[in-house]
Amino acid sequence: MRGPRITVRNARFQQWQALLTNRNKRTRAGEFLVQGVRPITLALRHGWPLHALLYDGERALSRWATELLDGGGGEHGAVHGVDRRVERVAMAAELLAELGEKNESPPEVIAVVGIPEDELSRITVGDDGFLGVLFDRPSSPGNIGSVIRSADAFGADGLIVTGHAADVYDPKSVRASTGSLFALPAVRVPSQREVEDWLDRERAAGRPVTVVGTDERGEIPLYDFDFTDQAVLLLVGNETAGLSAGWRERCDRTVSIPMSGSASSLNAANAATAVLYEAARQRARPSAPRRAVLPGQHRPHED
């Protein structure tokens, strides 16, 4: 069951170490590093491909880690049998600590996990209350992970990251998502054009999606927008510059988050969380009434 042992910074160790800091190498290798009971468990539960399991070869492992390495189901119920062909590699504690980016208390296990294709088809619009999030040119990987976590928590169907942006598979993003990355499709696309083509295909298939931008000067207060009777793609802008001009023009509606304090705006991830919560709140109400249209406003696609 147990495989080779690595005690020095050899070529294989250096390849895994590069996955922490080098986006291009992550992309070329098609893999990234994951640590923690919940994230690894969710990766297995949702069928993400494991390329290797790296474990501390110098200490007694927990029951969870032992069952994971042995390929058993485990008392957690989500540690599905790991294919015995997945390589298990024992490592010196100090090397595992480097890969876990921890000076003390290295993780028991680090999983080397395959990166799925960046295909928008991974995000299913369907016919029942689609809610997606698009993050336009985010600069902070931690914010990406936080948005993924909130989107998962409030029932969204997927996240799209557009443009020149931080990486979904950066270790900071993976950690901030606390495992939700494996439950929620997150797709990276180069530009707005790919998303426009996807929206056009969905509309042609009879599944139109309303594009809703968040902006401190939005035309409608958040609680006056009806999330209950339409598919919605929520746009969240770059942390500093906000939405690009192209995406501003593309919005069917823009919403603002009413605030009473001295702050004029929220962190991008916090703003996304507030809007996702409101959407979930509205959709959770039984037979939620259709909101009235305010003077001078129209419902999307009625023209």
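Numbering of residues begins from 1 in every chain and follows the order in which that chain's sequence is written. With the structure being a predicted model, the display of local features is reserved for residues of pLDDT at least 70 and the display and counting of side-chain atom pairs for 80 or more, all residues being used for whole-chain, interface and lining totals. The basis for the side-chain values is all heavy atoms of the structure; hydrogens and waters are excluded.

Chemist: Help me out: how do you make sense of the overall build of the protein in this one?
Modeler: Within the protein one finds 10 helices and 12 strands. Of all 303 residues assigned to the protein, the portion counted as buried reaches 50%. Any two residues having at least one pair of non-hydrogen atoms within 4.5 Å are treated as being in contact. Within the protein, counting contacts between residues at least 6 apart in sequence, those at least 24 apart form 78% of the total. Just so you have it, the protein exposes about 14,200 Å², and 47% of that area is on carbon and sulfur atoms. Segments assigned H or I by DSSP are reported as helices when at least four residues long, segments assigned E as strands when at least two residues long, and all are numbered from the N terminus. Note on classification: 1.4 Å probe, protein chains only; a residue is buried when its accessible area is under 20% of the maximum for its type, exposed when over 50%, partly exposed between these limits. Note on areas: Shrake-Rupley, 1.4 Å probe, and residue coverage restricted to the protein chains presented here.

Chemist: What exactly am I supposed to notice about the sheet that holds strand S6 (residues 131-136) here?
Modeler: Hydrogen bonds between backbone atoms are what pair the strands of a sheet, whose relative direction is either parallel or antiparallel. Ordered by their spatial adjacency, seven strands build an open sheet running S8-S7-S6-S11-S9-S12-S10, and the pairing between neighbours is parallel. Two strands in the sheet have a free side with no partner beyond their single neighbour: strand S8 (186-189) and strand S10 (220-221). Two strands are counted as paired when DSSP detects at least two bridges linking them. Relative to strand S11 (residues 231-236), S6 runs parallel, the two sharing five bridges. Across the sheet, residue Gly 132 finds its bridge partner in S11, namely Leu 233. Sheet contacts for helix H10 (residues 268-284): S6, strand S9 (209-214) and S11; angle to S11, the most-contacted strand, approximately 165°. Axis lines are fitted through C-alpha atoms, for helices just across the contact stretch, and the angle between N-to-C directions can take any value from 0 to 180 degrees.

Chemist: Help me out: how do you make sense of the pairing of S8 in this one?
Modeler: One face of the sheet, then the other: side chains in a regular strand alternate in exactly this way. Covered by surrounding structure in S8 are Ala 186 and Arg 188 together with Val 187 and Val 189, the residues of both alternating faces. Where strand S7 (residues 158-162) meets S8, four bridges bridge the pair, whose relative direction is parallel. From the neighbouring strand, Leu 159 faces S8, where its bridge partner is Ala 186. Handedness of the S7-helix H7 (residues 171-177)-S8 crossover: right-handed. The path from the first strand over the helix to the second decides the hand: if it runs clockwise while the strands point away from the viewer, the crossover is right-handed.

Chemist: I would appreciate a short explanation of H10 in the present structure.
Modeler: The periodicity of an α-helix, 3.6 residues per turn, causes residues three or four positions apart to be oriented the same way. In this model, H10 (17 residues) spans 24 Å end to end at C-alpha, consistent with the 24 Å of a helix rising 1.5 Å per residue. Of the positions making up H10, those classed as buried are Ala 268, Ala 269, Ala 271, Ala 272, Val 275, Leu 276, Glu 278, Ala 279 and Gln 282. Buried residues along H10 sit against S6, helix H6 (141-153), S9 and S11. Pairs of N or O atoms are called polar contacts if they sit within 3.5 Å, as long as, within protein, a hydrogen donor faces a hydrogen acceptor (for residues adjacent in sequence, only side-chain-to-side-chain pairs). By the N-cap criterion, in which a side-chain oxygen at the helix start approaches the backbone nitrogen of a residue two or three places on, H10 is capped by Asn 267, the distance to Ala 269 being 2.8 Å. For a helix, the expected span equals 1.5 Å multiplied by the number of residues minus one.

Chemist: So what exactly am I meant to see when it comes to the packing of H6 against H10 here?
Modeler: Think of two packed helices as two axes; the pair is described by the angle between the axes and how far apart they sit. One way to put it is that H6 packs onto H10 with a least axis distance of 9 Å and a crossing angle of 10°. On the basis of their axis angle, the class for H6 and H10 is roughly parallel. Residues Asn 143, Ser 146, Val 147, Ser 150 and Ala 151 of H6 touch H10, and the partners they reach there are Ala 269, Ala 272, Thr 273 and Leu 276. Gly is put with the polar residues, along with every residue not named as nonpolar or charged; the nonpolar set is Ala, Val, Leu, Ile, Met, Phe, Trp, Tyr, Cys and Pro, and the charged set is Asp, Glu, Lys and Arg. A breakdown of the residues in the contact of H6 with H10 according to their chemical character gives five nonpolar, four polar and no charged. Throughout, the term roughly parallel applies to angles under 35 degrees, roughly antiparallel to angles over 145, roughly perpendicular to angles from 65 to 115, and oblique to all others.

Chemist: How should I be thinking about the nonpolar core in this particular structure?
Modeler: Generally speaking, a soluble globular protein has its nonpolar side chains buried in company with each other. Membership of the largest hydrophobic core comes to 56 residues, with the highest contact counts inside it found for Phe 32, Leu 53, Leu 159, Leu 181 and Phe 182. No other element matches the six residues that H10 contributes to this core. Those residues in contact with Phe 32, other than ones at most four positions away along the chain, are Leu 19, Arg 26, Trp 48, Ala 111, Val 112, Val 113, Gly 114, Ile 115, Tyr 169, Val 174, Leu 181 and Phe 182. Counting 19 residues, the second largest nonpolar core, distinct from the first, contains Val 189, Val 211, Leu 243 and Cys 251. Put simply, a nonpolar core is a bunch of buried Ala, Val, Leu, Ile, Met, Phe, Trp, Tyr and Cys residues held in one set by side-chain atoms that sit within 4.5 Å of each other.

Chemist: How should the environment of Gly 47 be read in this particular structure?
Modeler: Position of Gly 47 among the secondary structure elements: in the loop between helix H3 (37-45) and strand S3 (50-56). You can call Gly 47 exposed: its relative accessible area is 59%. The sequence separation of Gly 47 and Phe 182 amounts to 135 residues, and the corresponding C-alpha distance is 8.6 Å.

Chemist: Sorry if this is basic, but what is going on with the packing of aromatic side chains here?
Modeler: Each aromatic ring pair is summarised here by two numbers: the centre-to-centre distance and the angle between the ring planes. A pair of aromatic rings is counted whenever rings of Phe, Tyr or Trp (Trp by its six-membered ring) have centres within 6.5 Å, and the orientation is called stacked for planes under 30 degrees apart, edge-to-face for over 60 and tilted otherwise. Following the criterion strictly, the structure yields seven aromatic pairs and no others. Taking 4.9 Å as the distance between ring centres and 90° as the angle between the ring planes, the aromatic pair formed by Trp 48 and Phe 182 counts as edge-to-face. On the criterion of sequence distance, the pair formed by Trp 48 in the loop between H3 and S3 and Phe 182 in the loop between H7 and S8 is long-range, its members being 134 residues apart. With a relative accessible area of 11%, Trp 48 lands in the buried category. Taking 5.7 Å as the distance between ring centres and 80° as the angle between the ring planes, the aromatic pair formed by Phe 154 and Tyr 277 counts as edge-to-face. Remark: Tyr 277 occurs in helix H10 and Phe 154 occurs in the loop between H6 and S7; sequence separation between them is 123 residues.

Chemist: Looking at this structure, how should I read the sheet that holds strand S4 (residues 87-91)?
Modeler: Overall, mixed pairing links the five strands, which are arranged S1-S4-S3-S5-S2 in an open sheet. One side of each edge strand has no neighbouring strand; the edge strands of this open sheet are strand S1 (5-6) and strand S2 (31-35). Where S1 meets S4, two bridges bridge the pair, whose relative direction is parallel. Bridged to Ile 6 within S4 is Met 91.

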